[in-house]
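So the chains spell out like this:
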Amino acid sequence: TVETMLESCLAGEEHIKVFNTFAILEPHMTEGTPLFYHTDHHWSAEGAYIVLSEMLKSSGRPVVPYDEYEYKAIRSKPNDAGQTDVFNVLYPLLPARSLIVTQRTEETELPLMNYDSSTYTAYMNNSRRPWRRVITGANTGRRALVICDSFGNAFAPYLLPYYDEVHMTDFRNDYYNKREAGGSIGELMEYHQIDDVYIVTSTANGLRKDNSIVYLRKYLEE
């Protein structure tokens, strides 16, 4: 598998950890927890939370229980088979400001979530280009970056209690533009003093696809 290959390549790199999402979610598949949606190809908020919890535990961090958050339960429209989903969209534990950043320093405020949406776009108010900065209200002294495709939108909200700022960028070619962002991802990581980086992608955009390797190398090294 990709995870096994990466673990082999990264042997001895203690500051880089590889997580096998399927292995993390598999024990929960018979518990009735909706890990993926019927009306949408994305994982559920519950699935994203389970994966992130394992990541945090591996770093020795205490994990905020899923039920400690308040949620707005949004019912989706039925699909062709008549199935519906419930998008549980959390309210942050502390007031958070969400900013779209262009040219490195130009910021436009955008609501953190879209509680009026009846689709997966409710999470993080959909994917946004080229860079997002969330000021969480926490006081941890650390900052995170989530490099992702749209799967990161259900994942990122659960990072907010652990960082002063959570940054996001979608590395796909249609979303990230160095000129618009004001620098490469590597340059912006240095500018924003990022401590931890999470790379979160679906299988479609995973390491088996040439574009992922090309984009990450291009955006990080330029």
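Residues numbered from 1 in each chain as written. Predicted model: local features only at pLDDT ≥ 70, side-chain atom pairs only at ≥ 80, totals over all residues. Heavy atoms only, no water.

Draft legend 1. Fine view of helix α3 (residues 45-58). Under the 1.5 Å per step criterion, the end-to-end length of α3 is 20 Å for 14 residues, consistent within 8% with the ideal 20 Å. A large share of α3 lies buried, amounting to eleven of its 14 residues. Turning to α3, its buried residues are Ala45, Glu46, Gly47, Ala48, Tyr49, Ile50, Val51, Leu52, Ser53, Met55 and Leu56. Those residues of α3 hidden inside the fold are in contact with α2 (21-25), β2 (86-91), α4 (152-155) and β8 (196-200). Looking at the residues trailing α3, positive phi occurs at glycine 60, about 80°. (Helix = DSSP H or I, 4+ residues; strand = E, 2+ residues; numbered from the N terminus. Expected span 1.5 Å × (residues − 1). Buried < 20%, exposed > 50% of the residue type's maximum accessible area, 1.4 Å probe, protein only. Contact = heavy atoms within 4.5 Å.)

Draft legend 2. Structural view of unusual backbone geometry. For the peptide bond that leads from arginine 129 to proline 130, omega is -10°, which places it in the cis range. Tracing the chain through its elements places proline 130 in the loop between β4 (106-109) and β5 (131-135). Here the phi dihedral of arginine 104 falls at roughly 75°; this positive angle occurs in a residue that is not glycine. Along the chain, arginine 104 falls in the loop between β3 (97-102) and β4. Within the chain, methionine 124 stands out as a residue other than glycine whose phi angle is a positive 55°. By secondary structure assignment, the location of methionine 124 is in the loop between β4 and β5. Methionine 124 sits in the buried class, given a relative accessible area of 1%.

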